[in-house]
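# Working through the structure, step by step
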Amino acid sequence: MGKFTEQMASLTESVVASRRDCILTVKGMLSEFDRAQASMANQQKSSLAAGCSARTQQVDSMRREHREDQHRMGRDLRRGLAQATNQISISVASLRAGSSKEHAAMARAQQKQFTQDGQARVKGNDRLMNELSASRQNMAQALSQNLESFTLGIRNGTDVMLGGFKQAHGEMAGQLRKTLSANTAKISDDVTELKRGFNEAQSELRDDMQAAAQIWNNRNSRGAAVLGQAAQVAAKAEGRVFGMMGKAIEKLGLSARAAEEPVVPPETEAKSQPSTHVSHMSDEERVLQVVRENPNGISATQIGEQVSLHAMVVGKIMKEFIENGKAKRDDGTRLYTPSKRGR
């Protein structure tokens, strides 16, 4: 064990000694390298200065040679350009002279050719005019023949059409005369019936007005109840007159809308008695009030009987209500009913 310790100690001393030697060696090498680097730097600086001086001299000599070459080349180019310009001027003059001669010769040849072409065209035009004249004469003859045959065909067809038109016109005139006679008789009967109904309505109105006047004269004894009865009698008489006149107008076919009104079934028949409306209400308000009173549906004729308006006037008012969403119309039964908005 002691021997191993001695060996380790000696090994340690040798390692330390070798490390010292290495450090010294490295320091010596670094100092040598610094000296060598400094001498190389001095040599490079001196050689670089010498090279720069030599290059400067070379550049100066090259610049002088280049300027001399430029001056010499400029003199040569100017001399060559002057010679070439003279030669080109001589060539251009000769070319102009030759071109003038060729142009004059070409102009003479073209003029001669134009003269020949003009003569040839004149001959060709004369030949074409002769052919065109002959062709026009042939076409005129053919067109004249075709026109004559076409005119004859049209004349025959027109005669046939006129014969058929006269026959159809006679038949139509006879049928129109029969229809006119029948319509005249029907209109005469309808007018007679209208006059009779109007006379009856006028007589009834006169009687009702007399009764109303009598009731009015007794107003002091019977009071306000008599006034209400007189107003009801007058309204009833007025409604009867307008109703009869409307029926007569419908019979004559003068009210297309009234003629289209359907027959109301018994289960949906509206109230026939006139409604008691406020006198200051407008026509639109009274019509809407009647529609509201008949939620199952009512026709324009029935509305007109209750508000004393013609069916056509009621139809126009109901059209505005339908557009505003206040009423509805059933296309099948043609009855008017109030909408949710109009209730």
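Here the structure is shown first, and the text comes after it.
Residues numbered from 1 in each chain as written. Predicted model: local features only at pLDDT ≥ 70, side-chain atom pairs only at ≥ 80, totals over all residues. Heavy atoms only, no water.

## Observations regarding helix H6 (residues 300-307)
Threshold: The classification of residues rests on relative accessible area computed with a 1.4 Å probe and restricted to protein chains. Under 20% of the type maximum is buried, over 50% is exposed, and intermediate values are partly exposed. Counting from the N terminus, the helices are the DSSP runs of H or I reaching at least four residues and the strands are the DSSP runs of E reaching at least two.
Of all eight residues in H6, seven are buried, a share of seventy percent or more. Taken from the residues just after H6, Ser308 is the one with a positive phi, measuring 60°.

## Quick word on a negative patch on the surface
Note the threshold: Candidate patch residues must exceed 30% relative accessible area and have no salt bridge, after which like charges are joined if within 9 Å and Val, Leu, Ile, Met, Phe, Trp or Tyr side chains if within 5 Å. Only the protein chains shown count as cover for residues, with accessible areas throughout obtained via the Shrake-Rupley method and a probe of 1.4 Å. Salt bridges are defined as contacts in which a side-chain nitrogen from Lys or Arg sits within 4 Å of a carboxyl oxygen from Asp or Glu. When charges are tallied, Lys and Arg are placed among the positive residues and Asp and Glu among the negative ones, while His and the ends of the chain are skipped. To locate a charge, take atom NZ for lysine, CZ for arginine, CG for aspartate or CD for glutamate.
Taken together, Glu284, Glu285, Glu320 and Glu323 make up a surface patch of like negative charges. Taken together, the elements giving at least two residues each to the negative patch come down to helix H5 (283-293) and helix H7 (311-324). Counting through the fold element by element, Glu320 comes out in helix H7. The partly exposed category is assigned to Glu320, whose relative accessible area is 44%.

## Side note on a nonpolar patch on the surface
Side chains of Phe4, Met8, Leu11 and Val15 sit close together on the surface and give an oily, nonpolar patch of about 380 Å² of accessible area. Residue position: Leu11 is located in helix H1 (residues 2-217). Classification of Leu11 as partly exposed rests on a relative accessible area of 48%.

## Focus: the pattern of salt bridges
Enumeration according to the criterion identifies five salt bridges in this entry. One salt bridge connects Glu32 with Arg35, and the closest N-O pair in it is separated by 2.0 Å. Here Arg35 and Glu32 lie together in helix H1, a separation of three residues that amounts to about one turn. Of the charged contacts, one joins Asp76 and Arg79 as a salt bridge, the two residues approaching to 3.2 Å between their closest N and O atoms. With Asp76 and Arg79 both in helix H1, this residue pair falls three residues apart, about one helical turn.

## Comments concerning the packing of H5 against H7
Inclusion rule: Only C-alpha atoms enter the line fits that serve as axes; for helices the fit covers just the stretch in contact. Angles between N-to-C directions range over 0 to 180 degrees. Each angle receives one of four descriptions, namely roughly parallel if under 35 degrees, roughly antiparallel if over 145, roughly perpendicular if within 65 to 115, and oblique otherwise. The contact definition used throughout considers only heavy atoms, calling two residues in contact when any of these lie within 4.5 Å. Amino acids outside the nonpolar list (Ala, Val, Leu, Ile, Met, Phe, Trp, Tyr, Cys, Pro) and the charged list (Asp, Glu, Lys, Arg) are all regarded as polar, and Gly is one of them.
At their nearest, the axes of H5 and H7 sit 10 Å apart, and the two run at 80° to each other. On the basis of the axis angle, H5 is roughly perpendicular to H7. Of the residues in H7, those touching H5 at Asp283, Glu284, Val287, Leu288 and Val291 are Val314, Ile317, Met318 and Phe321. Taken together, the residues of the contact of H5 with H7 break down into seven nonpolar, no polar and two charged.

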